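Coordinates in review
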Amino acid sequence: MRVALMIPCYIDTFYPRVGIATLELLERLNVDVVYPAEQTCCGQPMANSGCYNEARATEEHFLHVFREYDYIVTPSGSCTHHIRNKFTAVPDSPDRRRVSANTYDLVEFLHDILQVREFPWASFEHKIALHTSCSAIRGLKMASMSERVHDLKFSKPKALLQGVRGIEFADFERVDECCGFGGTFSVTEEGVAAKMGYDKIRFMSNAGARFIVSSDMSCLMHLEGCAGRVKQEATFLHIAEILNGVTI
């Protein structure tokens, strides 16, 4: 099994610790990981803004870099959702279909492919608020949707975190509501995005959580900025960091 690690550009630039934690975690689980050094962006920001012509060269480069691997794993639900379901700036081809089908969010890869449920090296004796992004919930089906009231309730991120000793989950309001980031939405609709972030931070804080955890660092980036503006103290961690045994 040849697994390529894809690190999103914003993680590479602002949160390299998350990329390192992802690599270390996969290696702990005896996965043979390759990091293709020539990788760049997957094209999501341009495609989300409707700039398909501008995204084409980026997507073509992505195909060239990753087409030979059995799996492509990335610590980002939004990037995975784009590659799997919206990778249309580049023309259809067997390579495009293969890359889209073989790209997995880290949580999906651990939960569905490796089927890991225990992380014996990890201990986190704190109360966390678990945020699952819109892309992860409604694009990748990584957790149940509150609007589908008759569906079975589940959460793949929570199922993984339950394998960490000492962890406690905060039960907060409107758990699957958008945090307001939405990629370029938070740029074009700054006021709305900020208010949504403030609401989310308040719900989590009221539930007693001082650690906010997600499989999408882009959401955490937005929420951390919102928390700073309202002077709400919190620590923001990617799920890979906790599963890899981060100490606080």
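That block above? That's the structure.
So, here is what we can say about the structure in this document.

About the cut-offs
Residues numbered from 1 in each chain as written. Predicted model: local features only at pLDDT ≥ 70, side-chain atom pairs only at ≥ 80, totals over all residues. Heavy atoms only, no water. Pairing = 2+ DSSP bridges. Helix = DSSP H or I, 4+ residues; strand = E, 2+ residues; numbered from the N terminus. Contact = heavy atoms within 4.5 Å. Axes fitted to C-alpha atoms, helices over the stretch in contact; angles between N-to-C directions. Parallel < 35°, antiparallel > 145°, perpendicular 65-115°, else oblique. Nonpolar A, V, L, I, M, F, W, Y, C, P; charged D, E, K, R; others polar. Right-handed = clockwise from strand over helix to strand, strands pointing away. Disulfide = S-S within 2.5 Å. Buried < 20%, exposed > 50% of the residue type's maximum accessible area, 1.4 Å probe, protein only. Salt bridge = Lys/Arg side-chain N within 4 Å of Asp/Glu carboxyl O. Core = buried A, V, L, I, M, F, W, Y, C linked by side-chain atoms within 4.5 Å. Polar contact = N/O pair within 3.5 Å; in protein donor to acceptor, adjacent residues only side chain to side chain.

Notes on the sheet that holds strand β5 (residues 127–131)
- Spatial strand order, β6-β5-β7-β8: four strands in an open sheet with parallel pairing. Single-partner strands in this sheet number two, and they are β6 (168–169) and β8 (235–238).
- The pairing of β5 with strand β7 (residues 211–214) spans four bridges and is classified as parallel. Pairing of L130 across the sheet is with V213, part of β7.
- Here helix α12 (residues 217–229) sits on the sheet and contacts β5, β7 and β8; the angle it forms with β8, its principal contact strand, is near 175°.

With respect to the packing of helix α4 (residues 52–66) against helix α6 (residues 94–102)
- Look at α4 against α6: their axes get within 10 Å of each other, and the N-to-C directions meet at 75°. Classified by the angle their axes make, α4 and α6 are roughly perpendicular. Taking contact as the criterion, the partners of F62, L63 and F66 in α4 are, on α6, D95, R96 and V99.
- Partitioned by chemical class, the residues of the contact of α4 with α6 number four nonpolar, no polar and two charged.

Some thoughts on the pairing of β8
- In terms of strand pairing, β7 meets β8 through four bridges, oriented parallel. Each residue of the ladder has a partner; that of F211, found in β8, is T235.
- Regarding topology, α12 serves as the crossover connection from β7 to the parallel β8, and that connection is right-handed.

A look at the state of the cysteines
- For the coordinates displayed, the defined rule picks out zero disulfides.
- No disulfide involves C134; its sulfur sits 3.7 Å from that of C178, the nearest cysteine.
- Taking relative accessible area as the criterion, C134 reaches 30% and is therefore assigned partly exposed.
- Unpaired in terms of disulfides, C226 finds its nearest cysteine sulfur in C179, a separation of 7.8 Å.

Details of the sheet that holds strand β4 (residues 103–105)
- Strand order in the open sheet formed by four strands is β2-β1-β3-β4, with parallel pairing between adjacent strands. Each having just a single partner strand, β2 (33–34) and β4 make up the two edges of the open sheet.
- Note: strand β1 (residues 3–5) against strand β3 (residues 71–74), three bridges, orientation parallel. Bridging from a neighbouring strand, V3 pairs with Y71 of β3.
- The strands touched by helix α7 (residues 106–113) are β1, β3 and β4; relative to β4, the strand with the most contacts, the crossing angle is about 95°.

Observations concerning the pattern of salt bridges
- The final tally for this structure, using the stated rule, is 15 salt bridges.
- In this structure, R98 engages D70 in a salt bridge whose closest nitrogen and oxygen atoms are separated by 4.0 Å. Note that R98 is positioned in helix α6 and D70 in the loop between α4 and β3, a separation of 28 residues in sequence.
- With its nearest N and O atoms 3.1 Å apart, the salt bridge here joins D199 to R202.

Notes on the nonpolar core
- Counting residues in hydrophobic clusters, the biggest one holds 56 residues, and the most contacted among them are L26, L161 and L243.
- The greatest single-element share of this core, amounting to six residues, is contributed by α12.
- Aside from chain neighbours lying at most four places away, what touches L161 is I128, L130, I167, F169, V213, I239, I242 and L243.
- Within the second largest apolar cluster, 14 residues are counted, among which are F66, I83, V90 and V99.

Focus on the side chain of K200
- Tracing the sequence through the fold places K200 in helix α11 (residues 190–206).
- A polar side-chain atom of K200 sits 2.6 Å from the main-chain carbonyl oxygen of E177.
- Beyond its immediate stretch of four places on either side in the chain, K200 contacts H131, F172, R174, V175, D176, E177, C179 and L223.

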